[in-house]
Amino acid sequence: MKAVSKVEGRAYPFGLKNVDTDVIIPAPYLKTISRIGLGRGAFESVRAQPGNVFDDPEYAGAPIIIAGDNFGCGSSREHAAWALNDMGVEAVIAPSFSDIFSGNAFKNGIVTVVLPQEAIDRLMEVAKTDPINVDLENKVVTTPYQDRFEFEIDDFRRHCLINGLDEVGMTLAKADRITAHEQKLAQSQPWLVPTAV
Amino acid sequence: MTTKARTLYEKIWDAHVVDQRDDGTCLIYIDRHLIHEVTSPQAFEGLRIAGRKVRRPDLTLAVPDHNLPTTPRVDAAGKRVPIADLESAAQLAALEHDAPSFGIKYIDATAREQGIVHVVGPEQGFSLPGATIVCGDSHTACHGGIGALAFGIGTSEVEHVLATQTLLLKQSKTMEVRVEGKLGHGVSPKDVILAIIGKIGASGGTGYVIEYTGSVFRDMSIEGRLTVSNMSIEGGARAGLVAPDDKTFAYLKGRPMAPKGDQWDQAVAYWRSLATDPGATYDKVVVLDAADIAPSLTWGTSPEDVVPITGVVPDPMSFADPSKQVAAQKSLDYMGLTPGQRMQDIEVQHVFVGSCTNSRIEDLRAAAAVAKGRKIAPHIKQALIVPGSGLVKAQAEAEGLDKIFLDAGFEWREPGCSMCLAMNPDKVPSGERCASTSNRNFVGRQGPGARTHLVSPAMAAAAAVTGHLADVRELMA
Ligand code: SF4
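Residues numbered from 1 in each chain as written. Chains lettered and ligands numbered in written order. Predicted model: local features only at pLDDT ≥ 70, side-chain atom pairs only at ≥ 80, totals over all residues. Heavy atoms only, no water.

1. Quick word on the packing of aromatic side chains
Note the cut-off: Whether two aromatic rings pair depends on their centres lying within 6.5 Å, for rings of Phe, Tyr and Trp, where Trp uses its six-membered ring; planes under 30 degrees apart make the pair stacked, over 60 edge-to-face, and the rest tilted. Going along the chain from the N terminus, every DSSP run of H or I of four or more residues is numbered as a helix, and every run of E of two or more is numbered as a strand. For every residue, the accessible area (1.4 Å probe, protein chains only) is compared with the maximum for its type, and the residue is labelled buried under 20%, exposed over 50%, or partly exposed between those bounds. We call a charge positioned over a ring when the NZ of a Lys or the CZ of an Arg lies within 6 Å of the ring centre and within 35 degrees of the ring normal.
Using the criterion set out here, one finds 18 aromatic pairs over all chains in the structure. Judged by centre distance (5.7 Å) and plane angle (55°), the ring pair of Trp191(A) and Tyr270(B) falls under tilted. Taken together, the residues Trp191(A) in the segment after α8 (175-188) and Tyr270(B) in helix α10 (residues 261-272) connect one chain to another. Trp191(A) sits in the buried class, given a relative accessible area of 6%. Taking 6.3 Å as the distance between ring centres and 85° as the angle between the ring planes, the aromatic pair formed by Trp191(A) and Trp271(B) counts as edge-to-face. Note that Trp191(A) is positioned in the segment after α8 and Trp271(B) in helix α10, a pairing that runs across two chains. Through pairs of rings, three or more aromatic residues link up here, namely Tyr12(A), Phe14(A), Phe43(A), Phe54(A) and Tyr59(A). One cation-aromatic arrangement involves Arg32(B) over Phe126(B); the distance from NZ or CZ to the ring centre is 5.5 Å.

2. Considering the state of the cysteines
Residue and element names in this part refer to chain B. Our working definition: Cysteine sulfur pairs qualify as disulfides if the two atoms are within 2.5 Å.
In this structure the tally under the stated criterion is zero disulfides over all chains. The thiol of Cys-142 is not disulfide-bonded; the next cysteine sulfur, from Cys-356, is found 5.6 Å away. What makes Cys-142 buried here is its relative accessible area of 0%.

3. Some points on the domain arrangement of chain B
Residue and element names in this part refer to chain B. The line we're drawing: Domain ranges listed in this record stem from an automatic or a database domain assignment. Any two residues having at least one pair of non-hydrogen atoms within 4.5 Å are treated as being in contact. In short, buried area is how much 1.4 Å probe accessible area vanishes from two parts on joining, totalled over both. The rule for a salt bridge is simple: a side-chain nitrogen of Lys or Arg has to be within 4 Å of a carboxyl oxygen of Asp or Glu. Definition of a polar contact: a pair of N or O atoms within 3.5 Å, with one able to donate and the other able to accept a hydrogen when the atoms are protein atoms, and with sequence-neighbouring residues admitted only if both atoms are side-chain atoms. Residues were grouped as follows: Ala, Val, Leu, Ile, Met, Phe, Trp, Tyr, Cys and Pro as nonpolar; Asp, Glu, Lys and Arg as charged; and all remaining residues, including Gly, as polar.
We note that the domain assignment places domain 1 (8-169), domain 2 (173-257 + 268-292) and domain 3 (309-475) within chain B. One C-alpha centre belongs to domain 2, the other to domain 3, and the line joining them spans 23 Å. Each side of the interface is counted separately: domain 2 has 15 residues, and domain 3 has 18 residues. In total, about 1200 Å² of surface goes out of reach between domain 2 and domain 3, with carbon and sulfur atoms giving 51% of it. On the domain 2 side of the interface with domain 3, the three residues burying the most area are Lys-190, Glu-223 and Glu-234, jointly 39% of the side's total. Seen at the junction of domain 2 and domain 3, the total is one salt bridge. Viewed at the interface, domain 3 and domain 2 are joined by nine residue pairs in polar contact (both at pLDDT 80 or more). For the side of domain 2 that touches domain 3, the secondary structure elements donating two or more residues are α6 (189-200) and α8 (222-230). In terms of residue count, α8 provides more of the side of domain 2 that touches domain 3 than any other element does, five residues in total. For the side of domain 2 that touches domain 3, the class distribution of residues is four nonpolar, seven polar and four charged.

4. Some points on the site of the ligand
In plain terms, the rule: If a single non-hydrogen atom of a residue is within 4 Å of a molecule or strand, that residue counts as near it.
The environment of the ligand is formed by His66(B), Ile116(B), His118(B), Asp137(B), His139(B), Ser355(B), Cys356(B), Cys417(B), Cys420(B), Leu421(B), Asn439(B) and Arg445(B). Here the shell around the ligand is built from residues that sort into five nonpolar, five polar and two charged.

5. Some points on the sheet that holds strand β19 (residues 451-454) of chain B
Either a parallel or an antiparallel arrangement is found when strands of a sheet pair, and the pairing is made through backbone hydrogen bonds. All names here are of chain B. We apply this condition: Here, any two strands with at least 2 DSSP bridges between them count as paired.
Reading across from one edge, β17-β16-β15-β18-β19 is the order of the five strands in this open sheet, with parallel pairing throughout. For this open sheet the edge positions go to β17 (411-412) and β19, each flanked by a neighbour on one side alone. Across three bridges, the pairing between strand β15 (residues 350-353) and strand β18 (residues 433-436) is parallel. Along β18, the bridge assignment pairs Phe-352 with Ser-436.

6. Things to note about the interface of chain A and chain B
Residue-level contacts link 34 residues of chain A with 40 residues of chain B. Around 3100 Å² of area is buried between chain A and chain B when both sides are counted, 55% of it from carbon and sulfur atoms. Across the chain A-chain B interface, the total number found is seven salt bridges. For Asp166(A), the salt bridge goes to Arg52(B), with nearest N and O atoms at 3.0 Å.

7. So, the sheet that holds strand β9 (residues 173-180) of chain B
All names here are of chain B. Rule in force here: In this analysis, axes come from line fits to C-alpha atoms, helices being fitted only over the stretch in contact, and the angle between any two N-to-C directions falls in the range 0 to 180 degrees.
The strand order β11-β10-β9-β12 describes an open sheet built from four strands, whose pairing is parallel. The sheet is open, and its two edges are formed by β11 (239-241) and β12 (284-289), each paired on a single side. Neighbour-to-neighbour, the strand axes of this sheet turn through a mean angle of 20°, independent of strand direction. Bridge count between β9 and strand β10 (residues 208-213): six bridges; the pairing is parallel. The partner of Arg-178 across the bridge, within β10, is Thr-213. Packing against the sheet, α6 makes contact with β9, β10 and β12, and its axis sits at approximately 130° to β12.

Here it is, written out as structure tokens:
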């Protein structure tokens, strides 16, 4: 997984509350064989509305979404995180997230930043004209106007994000133990695991 | 040092712990990984995005099964027949490309060895006793029939195993399901597992790994044990197993991927040591008497909705649990049945003999024994025989079973999952009824609106030739 210690750039001033995963990626896109390409289905129902932020050239390719309360509620589909990944989103800032979504986002290297509604209101304003900076090392969101919003994030998750460690990555960090197990097996049950790596 | 008496499951578990976290989660080594086309594409993609390799392609085996049509796969000119459904074709093409590109052995759709992943594993000797075996499919429990610890996993876990050859797991509780005595005439392994699920319920095994013990399983063939173990998941247990014994060894000996020579002897000695120690205890024990088990079948839309063939459709109000009363009523509405109706009076339009539960040579023999010299009832719209693998098919043809089926009016198909989950073109139309040897009678499982009765292969054949659910014992010599 890509390491992420900082996300900097324009942000979609989305702001909507209770955005469920059906809105993030509708069910007909779930039959895919790839997690790539889901961006084209992302926020389909929002994009059907004229003047929506996602199709506004001002924000094209923005790596951040500013959202409302309870972002990512509803179905547990990991496709929601895949869709955000695919559209180039690396961080979502909201007053709260659904647990399942933030877990899926984390697994896919997306930073979920929780800030109070006042901070969100201010960021919604700034986002219309200027870039925003999410600094994961220092746990702070800043703007070019000296705004400084500190946020909390689980230390373990932060560590994993900064070092690009997903669950597979963390297990791979124990490769020597796995290798040792294989060597033991190659001795005790040679028919099962014929050779150690 | 005195070692604690351990169960078969505990011995296999202990032998596979690579690492243990403070919260008890263990990193478990996986000895064998089977993959098919439905749950693997995004796992391979994950590896590609992260620039990772498959750690042990030599311990991984890929075979397509779920989406494959069961009609001929090559035409008269020897050319591959294209697959009409584009999404199926895309999943199949993805596996065909992904497996070799990561160095994994791939059994092609047109190969003789192709078949349902859970038939192929034991048949090739890829699945072995005492091994941990996973596959992105919940019926992986099947391989427990040869004494392996086998269970289904999701796509993100498939990726984890591909990359690390391990899984993060918590140890399960143990349940002994003991069936003593001798099975009656016409009672098959399928009836045994249906009776067990009927007794413990569809979630009775949740959180447990089941070990099947007692004379019934000791006397049972390996094919039968695979059938029983296969449906552990329908009783809620992630895995089920039967201790490996001489029958297991005889079944595996000489299989293409089974150990050879000195290693074979070494392996057998080790496998023998896996049996549950005298004095070991299980967290839960369930006991059934073989004499109480009749040819059985399901009436509803949960695998726990089991009655003997001599029984009637139950009254929903006869269940003590109010939520079960509601569920039963919903099932009956969906199934188009009324309480008190005799099971044997229920007409079927479709018959399916196949799936990873019942598509091995013994299953086909049992169905053929009933079909022999008879004809399917005139109103039967489709009666499919789908062998579990190309090798099963070849064996059946060598024994002349295909002729028996064809003469009786059955269709003789190419191997695959087929009407078990209707992902390929084999579907039961809405509102129509099927006697099926598969493992799930869920709403819509065999096609939207399809009505499924789970039965043994012999009972399926009996339904085909009589045109209704029937007591196979009345058709047996
Ligand atoms: S036959 Fe049915 S249960 Fe078995 S693997 Fe195929 S779809 Fe799953």
